[in-house]
There are 2 protein chains.
Amino acid sequence: MQELEEGLAVRLDFGKLRAIGAAGADVVPVALQHADTGELLFVAYADELALRETLRTGRAVLWSTSRNELWRKGETSGDVLELVEVRVNCEQNSLLYLVRPAGEGACHTRDASGRHRAACYYRRITASGDTLEFVEEGVRPRR
Amino acid sequence: MQELEEGLAVRLDFGKLRAIGAAGADVVPVALQHADTGELLFVAYADELALRETLRTGRAVLWSTSRNELWRKGETSGDVLELVEVRVNCEQNSLLYLVRPAGEGACHTRDASGRHRAACYYRRITASGDTLEFVEEGVRPRR
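Counting restarts for each chain: residues are numbered from 1 in the order of the written sequence. Chain A is the first chain written and ligand 1 is the first ligand written, with later ones labelled in order. At least 70 in pLDDT is required for a residue's local features to be given in this predicted model, at least 80 for side-chain atom pairs to be given and counted, and no such filter applies to totals for whole chains, interfaces and linings, which use all residues. Side-chain metrics rest on all non-hydrogen atoms present in the structure, leaving aside hydrogens and water.

**Focus on helix H3 (residues 48-57) of chain A**
Since the α-helix packs 3.6 residues into each turn, any two residues three or four apart lie on the same face. Our working rule: In this scheme, a residue with accessible area under 20% of its type's maximum is buried, one over 50% is exposed, and one in between is partly exposed, where area comes from a 1.4 Å probe on protein chains only. A run of H or I in DSSP counts as a helix once it spans at least four residues, and a run of E counts as a strand once it spans at least two, with each numbered from the N terminus. Pairs of residues are marked as contacts when any of their non-hydrogen atoms sit within 4.5 Å.
If you check which residues of H3 of chain A are buried, you get Ala-50, Leu-51, Glu-53, Thr-54 and Leu-55 of chain A. Next to the buried residues of H3 of chain A lie strand S2 (40-46), strand S3 (61-64), strand S4 (69-72), strand S5 (81-88) and strand S6 (95-101) of chain A together with strand S7 (123-125) of chain B. Trailing H3 of chain A by a residue or two, Gly-58 of chain A shows a phi angle of about 75°, which is positive.

**Examining the environment of Tyr-121 of chain B**
The line we're drawing: Between N or O atoms, a polar contact is any pair within 3.5 Å; within protein, one atom must be a potential hydrogen donor and the other a potential acceptor, and residues adjacent in sequence are included only when both atoms are from side chains.
Considering the arrangement of structural elements, one finds Tyr-121 of chain B in the loop between strand S6 (95-101) and S7. Of the residues examined, Tyr-121 of chain B reaches a relative accessible area of 4% and is grouped as buried. Separated by 78 residues in sequence, Tyr-121 of chain B and Val-43 of chain B place their C-alpha atoms 9.9 Å apart. What Tyr-121 of chain B contacts, discounting residues up to four positions off in sequence, is Arg-87, Val-88, Asn-89, Ser-94, Leu-95 and Leu-96 of chain A together with Leu-40, Leu-41, Phe-42, Val-43 and Val-135 of chain B. A polar atom in the side chain of Tyr-121 of chain B sits 2.7 Å from the side chain of Ser-94 of chain A.

**Here's the deal with the pattern of salt bridges**
How we decide: Here a salt bridge means any side-chain nitrogen of Lys or Arg lying within 4 Å of a carboxyl oxygen belonging to Asp or Glu.
Following the criterion strictly, the structure yields 21 salt bridges over all chains and no others. Notably, a salt bridge pairs Glu-85 of chain B with Arg-124 of chain A, separated by 2.7 Å at the nearest N-O pair. In this pair, Glu-85 of chain B is assigned in strand S5 (residues 81-88) and Arg-124 of chain A in strand S7 (residues 123-125), connecting two distinct chains.

**Some remarks on the pairing of S6 of chain B**
The two faces of a sheet get side chains in turn, since along a regular strand they alternate between them. All names here are of chain B. Inclusion rule: Whether two strands pair comes down to DSSP finding at least two bridges between them.
Of all the seven residues making up S6, five are buried; the element is thus mostly covered by neighbouring parts of the structure. Pairing analysis gives seven bridges linking S5 to S6, with the strands arranged antiparallel. Across the sheet, Val-86 pairs through a bridge with Tyr-97, a residue of S6. The turn joining S5 and S6, which pair antiparallel and follow one another in sequence, is formed by six residues; a positive phi near 55° is taken by Gln-92.

**Topic: the sheet that holds strand S8 (residues 132-134) of chain B**
Applied cut-off: Here an axis means a line fitted to C-alpha atoms, over the contact stretch when the element is a helix, while the angle between two N-to-C directions is reported on a 0 to 180 degree scale.
Ordered by their spatial adjacency, six strands build an open sheet running S2(A)-S1(A)-S6(A)-S5(A)-S7(B)-S8(B), and the pairing between neighbours is mixed. Every other strand in the sheet has two partners, leaving S2 of chain A together with S8 of chain B as the edge strands with one partner each. Each strand axis lies, on average, 35° off the axis of its neighbour in the sheet, ignoring direction. Its contacts with the sheet place H3 of chain A against S2, S5 and S6 of chain A together with S7 of chain B, and it is angled at close to 125° to S5 of chain A.

**Observations regarding the interface of chain A and chain B**
What counts here: The buried area of a pairing is the accessible area, by a 1.4 Å probe, that goes missing from both parts when the two are put together, added over both. Think of it as three bins: nonpolar holds Ala, Val, Leu, Ile, Met, Phe, Trp, Tyr, Cys and Pro, charged holds Asp, Glu, Lys and Arg, and polar takes everything else, Gly as well.
Between chain A and chain B, the contact holds 61 residues from the first and 61 residues from the second. Both faces considered, chain A and chain B share a buried interface measuring about 5200 Å² in area, 60% of it formed by carbon and sulfur atoms. On the chain A side of the contact with chain B, Phe-14, Cys-90 and Gln-92 of chain A bury the most area, a combined 16% of that side's loss. At the boundary of chain A with chain B, the tally comes to six salt bridges. Sorting the residues of the side of chain A that touches chain B by element identifies helix H1 (2-6), helix H2 (16-23), strand S1 (28-34), S2, H3, S5, S6 and S7 of chain A as the ones contributing at least two each. A total of five residues in the side of chain A that touches chain B trace back to one element, the largest contributor, which is H2 of chain A. Grouping the amino acids of the side of chain A that touches chain B by side-chain chemistry returns 32 nonpolar, 14 polar and 15 charged.

**Side note on the packing of H2 of chain A against helix H2 (residues 16-23) of chain B**
Condition: Should an angle lie under 35 degrees it is considered roughly parallel, over 145 roughly antiparallel, and from 65 to 115 roughly perpendicular; all remaining angles are considered oblique. A clockwise turn of the near helix away from the far one marks a right-handed crossing, whereas an anticlockwise turn of less than a right angle marks a left-handed crossing.
Taken N-terminus to C-terminus, the directions of H2 of chain A and H2 of chain B make an angle of 110°; their axes are 7 Å apart at the nearest point. With respect to their mutual orientation, H2 of chain A and H2 of chain B come out roughly perpendicular. Our pair here, H2 of chain A against H2 of chain B, has a crossing hand that is left-handed. In this structure, H2 of chain A uses Leu-17, Arg-18, Ile-20 and Gly-21 of chain A to contact H2 of chain B, whose residues at the interface are Leu-17, Arg-18, Ile-20 and Gly-21 of chain B. Of the residues assigned to the contact of H2 of chain A with H2 of chain B, the class counts are four nonpolar, two polar and two charged.

See below:
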């Protein structure tokens, strides 16, 4: 996990969607975006119950495709995402949750200072396509 | 298609990811975001070839999960998305393409004035969860 999350090698999980399909989950992808800064926090999945719970509770609720259960974001970490609104795309096969983070951040990883990262897209793929680099100077962990 | 794209009924396609899985495509979801405004344009999918082509050509290339073929965005419509950078999330199971639209917009739908919409998330889900409303006044088509 450490290498996957903090390393500089591209190791994309191209089998992820096939695994979701094989598990039989009825989900759509959800892009979660900070309503004020516009930062993309992460992409996750929601089934119909997760969407209804999101609208009912005013907090981002998702479907965990790794644990195969409803995922009330922040329930254990405290990093709740308060809902501003849910949008749907033209073809109605994806969602956009516009949210405001109530806690430290939205990503479960921590930066060099030990704080949760605000969002999950903290590395870019270099032109070669084979390596990653950290986007912000301070984000890169000391080794 | 008209009702799905311009209507006010929630008709989410929760079977989409299962269909992708069943088709056996090795893809990850891609969030495409306007590099300057931060607007989320749409969510699509990329396989390894699409990612490599994106990095090689400097334009957003995707995998069409409806046509099951490489999708060079804008090749027919002219609405090319110039690449700024590709980012990867912590767990390396999704991508973020930061792009600059070179054409009219990123969505294939058209607003009331006949112009391509800039982005696909032009409707929000109302609190009931059953209906949609257009986000911007002018975007809603006249009937």
